[in-house]
Amino acid sequence: RGIVDNNNVSFAGFCWKIVRTTETRGVKLLYNGVVGEDGSCDNEEEASQIGTSSFNSGIISGYYIDYVHDDGSDSSIKKYIDDWYSTNMIEYTNMLEDTIWCSDRSISSNNNYFTYYGSYGRLSKPSLECVNESDSYTVSRDNGNGLLKYPIALLTADEAVLTGYPRENPESAGFMKWWWVMSPGYSVHNSSSLSDAGFIVSNVTTVAGFGYLGSIRPSIALIPETMISDGDGTVSNPYQVFSG
């Protein structure tokens, strides 16, 4: 946990940051840019993203706060990530674990104006538990909701906090200031209907609406027993994932 200097991985031609182990001993990674010509992973800000997007475009209803909407259509950010994966990562799918990415629409509190969701109310004590199966995003229905096309999505706000991402000064972490996470932050509404919605972004004290163009840093998970062939995890000498 925390800002460390030996969690860098080179895999599939891209740089990644180790976030945590999964429940089955896989390793969850966060995208961190393209490998340099010298093999390094010294990427920051714009270089650490695959692009920018709103979480959802042209939708101003709290009904559409999720990664996949209740009507089965994909969010704007899921479409962007899936397109990137289909172009860059298909050949590596057998090395990736179908772990859970959690959107957590559990309600922390509610009043006449706001609905606050799970992560928003507990970031001082973050949790890795995904309360509802319907919020547990997976490719297979064997261990989740089966709504992912590929084994890639976004970290939760809780995972971002556990990695040591600073709450008050995100720039000090060497990351892009704003990057999307899976966790919904809050919905804004009146007494009769929802009218707007927000999503927690990476500094976890700020929310952004549907039109905000946030940085996209997707997450994948290496299967258990993945081997490395070289490296010490530093930005200048990242771990090299053995591809067989």
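Above this note sits the structure.
These figures come from a predicted structure and were not determined experimentally. (Residues numbered from 1 in each chain as written. Predicted model: local features only at pLDDT ≥ 70, side-chain atom pairs only at ≥ 80, totals over all residues. Heavy atoms only, no water.)

Caption draft 1: Here's a closer look at the packing of aromatic side chains. Under the criterion given, the structure shown has nine aromatic pairs. Consider the rings of phenylalanine 14 and tryptophan 84, whose centres lie 5.1 Å apart with planes at 55 degrees: the pair is tilted. A residue pair is termed long-range when its members are at least 10 positions apart, and phenylalanine 14 in strand S2 (residues 14–21) and tryptophan 84 in helix H1 (residues 76–88) qualify at 70 residues. For the pair phenylalanine 14 and tryptophan 84, one class covers both residues: buried. (Phe/Tyr/Trp six-rings, centres within 6.5 Å; stacked < 30°, edge-to-face > 60°. Helix = DSSP H or I, 4+ residues; strand = E, 2+ residues; numbered from the N terminus. Buried < 20%, exposed > 50% of the residue type's maximum accessible area, 1.4 Å probe, protein only.)

Caption draft 2: Structural context of the nonpolar core. One finds Phe11, Trp16, Tyr67, Trp84 and Met89 to be the most contacted residues of the largest nonpolar core, which totals 33 residues. Among the secondary structure elements, those contributing two or more residues to this core are strand S1 (8–11), S2, strand S3 (27–34), H1, strand S9 (180–189), strand S13 (219–222) and strand S15 (239–241). Broken down by element, the residue count for this core peaks at four residues, all from H1. Once residues lying within four places of it in the same chain are set aside, the contact partners of methionine 89 are Phe11, Ala12, Phe14, Trp16, Trp84, Leu96 and Ile220. In this structure, Val19, Ala160, Val161 and Val181 belong to the second largest nonpolar core, which totals nine residues. (Core = buried A, V, L, I, M, F, W, Y, C linked by side-chain atoms within 4.5 Å. Contact = heavy atoms within 4.5 Å.)

Caption draft 3: Layout of the pattern of salt bridges. Tallying each qualifying case throughout the model produces eleven salt bridges. Ionic pairing is found between aspartate 66 and arginine 105, a salt bridge with its closest N-O pair at 3.1 Å. With aspartate 66 in the loop between strand S4 (51–53) and H1 and arginine 105 in the loop between strand S5 (101–102) and strand S6 (107–110), this pair connects stretches of sequence that are 39 residues apart. Owing to a relative accessible area of 3%, aspartate 66 belongs among the buried residues under this scheme. Between aspartate 135 and arginine 105 there is a salt bridge; the shortest N-O distance is 2.7 Å. One end of the pair, aspartate 135, is in the loop between strand S7 (114–117) and strand S8 (136–137); the other, arginine 105, is in the loop between S5 and S6, with 30 residues separating them in the sequence. What makes aspartate 135 buried here is its relative accessible area of 1%. A single salt-bridge network, built from bridges that share partners, covers Arg20, Glu23, Lys28 and Glu159. (Salt bridge = Lys/Arg side-chain N within 4 Å of Asp/Glu carboxyl O.)

Caption draft 4: Inspection of the side chain of serine 183 at higher detail. With respect to the helices and strands, serine 183 occurs in strand S9. A polar side-chain atom of serine 183 sits 2.8 Å from the main-chain amide nitrogen of alanine 157. (Polar contact = N/O pair within 3.5 Å; in protein donor to acceptor, adjacent residues only side chain to side chain.)

Caption draft 5: Quick look at a negative patch on the surface. Judged by side-chain charge, Glu37, Asp38, Asp42, Glu44, Glu45 and Glu46 come together as a negatively charged surface patch. Relative to the elements of secondary structure, glutamate 44 occurs in the loop between S3 and S4. On the accessibility criterion, glutamate 44 (46% relative accessible area) is partly exposed. (Patch = residues over 30% accessible without salt bridge, like charges linked within 9 Å, V, L, I, M, F, W, Y side chains within 5 Å. Areas by Shrake-Rupley, 256 points an atom, 1.4 Å probe, with all protein chains shown as cover. Lys, Arg positive; Asp, Glu negative; His and termini not counted. Charge placed at Lys NZ, Arg CZ, Asp CG, Glu CD.)

Caption draft 6: Focus on the state of the cysteines. Within this structure, the stated rule accounts for two disulfides. Each disulfide pairs two cysteine sulfurs, and for cysteine 102 the partner residue is cysteine 130, the sulfurs being separated by 2.1 Å. In this structure, the disulfide formed by cysteine 102 and cysteine 130 twists by about 80 degrees around the S-S bond and is classed as right-handed. Taken together, the residues cysteine 102 in strand S5 and cysteine 130 in the loop between S7 and S8 connect sequence positions 28 residues apart. For the pair formed by cysteine 102 and cysteine 130, the shared burial category is buried. (Disulfide = S-S within 2.5 Å.)

Caption draft 7: How the structure looks around the sheet that holds S13. Strand order across the open sheet formed by six strands is S13-S3-S2-S1-S15-S14, with mixed pairing between neighbours. Every interior strand has two partners, whereas the edge strands, S13 and strand S14 (228–230), have only one. Strand-to-strand, the axes of this sheet are offset by a mean angle of 45 degrees, without reference to chain direction. Examined bridge by bridge, S14 and S15 share two bridges and lie antiparallel to one another. Looking across to S15, one finds that aspartate 230 is bridged to glutamine 240. (Pairing = 2+ DSSP bridges. Axes fitted to C-alpha atoms, helices over the stretch in contact; angles between N-to-C directions.)

Caption draft 8: View of the environment of cysteine 15. Considering the arrangement of structural elements, one finds cysteine 15 in strand S2. Using a relative accessible area of 0% as the deciding quantity, one classes cysteine 15 as buried. Distance from cysteine 15 to glycine 36, taken between C-alpha atoms, is 8.9 Å for residues 21 residues apart in sequence. The residues contacting cysteine 15, other than those within four sequence positions of it, are Val9, Leu30, Tyr31, Asn32, Gly33, Val34, Val35, Ser40, Cys41 and Asn43.

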